[in-house]
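# Results of the structural survey
This is what each chain is made of:
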Amino acid sequence: LEAGGEQLGFVAAYSHDPAPRLSDDALARLEAIAAAAGPAIDTARRFREVSAAGDHDTVTGLPGRRGFLDTLAREVARAVRFERSLTLLVIDLDDFAALNARLGQLGGDDVLRTVTRIVRGAVRDVDGVFRSGGDELAIILPESVRIDAERAFARTLATLQREQLGVTASGGIAQLQPDDDAVSIFERAETALARAKAIGKGTAA
């Protein structure tokens, strides 16, 4: 298992067959798994390092905007360098100011904490979840394309409806392009979020 030229570990295969020679096809599949797993493990490790660095939002427990921007810059640079896929999903609660006014600050904080739990449950362990500002959460999905972000957003919406929080969310999705940097992909995700809000709340664009 390798990432960025660093050896992270090994994939070992065992068999009960007395002559356990792997076929060329099985060996190729194991090599493909290792090639994908190395960068994913490295990404998860980096997300943990950011979480331990102290840039935490006190309400949600998520890394804040500084951690998000730093991590996004690193992940975009890595994805571009190694020609890997990456998608950014930003989720913003609809009419959160009105909800805050109705429930009060503490009630609004409780909703944010619950939404954070729901979003974390809708994405993979290797995906990074951040509070990018206000009631907006940003999710970095390494080794993912647009459909993966759309499914994560759909799972989030379904759980929000099931738990009857009285709040919906809109999403903006941007898949990494060859000429992207951290600023451009974030701007495209924010533009998509604004478009979703204009189309109709509770949707993603």
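These numbers come from a predicted model, not from an experiment.

### What about the overall build of the protein?
Each helix and strand counted, the protein has five helices and six strands in total. Written out in order from the N terminus, the α and β elements of the protein read β-β-α-α-β-α-β-β-α-β-α. The principal-axis extent of the C-alpha atoms belonging to the protein is close to 70 × 40 × 35 Å. Taken across its 205 residues, the protein has 45% of its residues classed as buried. Residue pairs in contact within the protein that sit at least 24 positions apart in sequence constitute 68% of those at least 6 positions apart. Summed over all atoms, the accessible surface of the protein reaches about 10900 Å², with 53% contributed by carbon and sulfur. For the protein, the distance from the average site of its 25 positive side-chain charges to the average site of its 31 negative ones is 3 Å.

### Concerning the pattern of salt bridges
Side chains that differ in sign of charge can pair as their charged atoms come close. Enumeration over the complete set of coordinates arrives at 13 salt bridges. Measuring nitrogen to oxygen at the nearest pair gives 3.8 Å for the salt bridge that ties arginine 78 to glutamate 143. Of this pair, arginine 78 sits in helix α2 (residues 65–82) while glutamate 143 sits in the loop between β5 (136–142) and α4 (146–163), and the two are 65 residues apart along the sequence. On the basis of relative accessibility, which here comes to 7%, the residue arginine 78 falls in the buried class. Accessibility expressed as a relative area gives 21% for glutamate 143, which makes it partly exposed. Between arginine 84 and glutamate 143 there is a salt bridge, with the nearest N and O atoms lying 3.1 Å from each other. Separated by 59 residues along the polypeptide, arginine 84 in the loop between α2 and β3 (86–93) and glutamate 143 in the loop between β5 and α4 bring together distant segments of the chain. One connected set of salt bridges, linked through shared partners, spans Glu75, Arg78, Arg84 and Glu143.

What counts, and where the lines are drawn
- Residues numbered from 1 in each chain as written.
- Predicted model: local features only at pLDDT ≥ 70, side-chain atom pairs only at ≥ 80, totals over all residues.
- Heavy atoms only, no water.
- Helix = DSSP H or I, 4+ residues; strand = E, 2+ residues; numbered from the N terminus.
- Buried < 20%, exposed > 50% of the residue type's maximum accessible area, 1.4 Å probe, protein only.
- Contact = heavy atoms within 4.5 Å.
- Areas by Shrake-Rupley, 256 points an atom, 1.4 Å probe, with all protein chains shown as cover.
- Lys, Arg positive; Asp, Glu negative; His and termini not counted.
- Charge placed at Lys NZ, Arg CZ, Asp CG, Glu CD.
- Salt bridge = Lys/Arg side-chain N within 4 Å of Asp/Glu carboxyl O.

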